[in-house]
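Coordinate inspection notes
For reference, the chains in residue letters:
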Amino acid sequence: FKRKSGMTKEISGKIRYIGFIMTCFVVVHHCPELEDIFALNSIDYTIKHCFDVLFNSFAGVAMSWFFAITGFLLFVDFSMEKYPTKIKKRISTLFVPYLLWQLIFLILEFIDTQQLLSLGELLRRIFLFVRWPVCGPLWYVYTIFLLALLSPPLYYIVRNKKVGWT
């Protein structure tokens, strides 16, 4: 029994299919809660509460799935020779778009509040997560970029049986 290595068309199709479902879960989670619906009685409130719990649970499953599949894609055919190429690709596909969206939302925030952030506060919000980034939902993109940067030691920990899952 020999295991196929790398990405196959079958695996790619499954990732797309499940990814669509998980994306729907995340979108539903980010929709406004049903707070605006006036509960006429305890049954209405119970139904609303069940939907809120269900949507939050789906989002937890979806985010776990996204991180798991990102890890799979990050390490499929991983080698240190390919690491610089992968990082260059992640800079152009993750980091630069993340920075551009943060800039767009920073401008929109300035238009809305008429307050300019100091350079230190801006850097803390974008890179260090002292507070959510200017555009908070993009935390995931930045996290995936950081995981790509840290992939060599993560790969070593996962592959080396003596190190284990500390």
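Relevant structure appears above.
The following refers to the structure shown. (Residues numbered from 1 in each chain as written. Predicted model: local features only at pLDDT ≥ 70, side-chain atom pairs only at ≥ 80, totals over all residues. Heavy atoms only, no water.)

With respect to the overall build of the protein chain
Heads up, the condition is: What counts as a helix is a DSSP run of H or I of at least four residues, what counts as a strand is a run of E of at least two, and both are numbered from the N terminus. Exposure classes here rest on a 1.4 Å probe applied to the protein chains alone. A residue is buried below 20% of its type maximum, exposed above 50%, and partly exposed in between. By definition in these notes, contact holds between two residues if any of their heavy atoms fall within 4.5 Å. Shrake-Rupley sampling with a 1.4 Å probe provides the accessible areas, and residues are treated as covered by the protein chains on show and by no other component.
The helix and strand inventory of the protein chain stands at six helices and zero strands. Counting from the amino terminus, helix and strand elements in the protein chain follow one another as α-α-α-α-α-α. Buried residues in the protein chain amount to 28% of all 166 residues. A separation of at least 24 residues holds for 68% of the contacts in the protein chain among residues at least 6 apart in sequence. Carbon and sulfur atoms make up 70% of the accessible area of the protein chain, which totals about 12,300 Å².

With respect to the packing of helix 3 (residues 83-113) against helix 5 (residues 139-149)
Where we set the bar: Helix axes use the C-alpha atoms of the stretch in contact, all axes being lines fitted to C-alpha atoms, and the angles between their N-to-C directions lie in the range 0 to 180 degrees. Every angle not falling under 35 degrees, over 145, or within 65 to 115 is termed oblique; those three ranges are roughly parallel, roughly antiparallel and roughly perpendicular. By convention, the crossing between two helices is left-handed when the near helix turns anticlockwise from the far helix through less than a right angle, and right-handed when the turn is clockwise. Asp, Glu, Lys and Arg are counted as charged, while Ala, Val, Leu, Ile, Met, Phe, Trp, Tyr, Cys and Pro are counted as nonpolar; the rest, among them Gly, fall into the polar class.
Running from N to C, helix 3 and helix 5 point in directions that differ by 165°, and their axes come no closer than 9 Å. Considering their axes alone, helix 3 and helix 5 lie roughly antiparallel with respect to each other. In the crossing of helix 3 with helix 5, the sense of the turn from one axis to the other is left-handed. The residues of helix 5 that touch helix 3, namely those facing Tyr-83, Ile-87, Arg-90, Ile-91, Leu-94, Phe-95 and Tyr-98, are Val-141, Tyr-142, Ile-144, Phe-145, Ala-148 and Leu-149. For the contact of helix 3 with helix 5, the residue count by class is twelve nonpolar, no polar and one charged.

Some remarks on the environment of Ile-104
With respect to the helices and strands, the residue Ile-104 is situated in helix 3. Counting along the chain gives 30 residues from Ile-104 to Val-134, while the straight-line C-alpha distance between them is 9.2 Å.

Notes on the pattern of salt bridges
Selection criterion: Between Lys or Arg on one side and Asp or Glu on the other, a salt bridge is scored when a side-chain nitrogen of the former is within 4 Å of a carboxyl oxygen of the latter.
Within this structure, the stated rule accounts for two salt bridges. Note that Lys-14 is salt-bridged to Glu-10, the shortest N-O span being 3.2 Å. In this pair, Lys-14 and Glu-10 are both assigned in helix 1 (residues 9-30), four residues apart and thus about one turn of the helix distant. A residue is classified by how much of its surface remains accessible, and Glu-10, at 52% relative accessible area, is exposed.

Focus: helix 3
Note the cut-off: Each helix should span, by expectation, one fewer than its residue count multiplied by 1.5 Å.
Over its 31 residues, helix 3 extends 42 Å from the first C-alpha to the last, a length consistent with the 45 Å expected when each residue adds 1.5 Å. Within the span of helix 3, buried status applies to Tyr-83, Lys-86, Ile-87, Arg-90, Leu-94, Phe-95, Tyr-98, Gln-102 and Leu-106.

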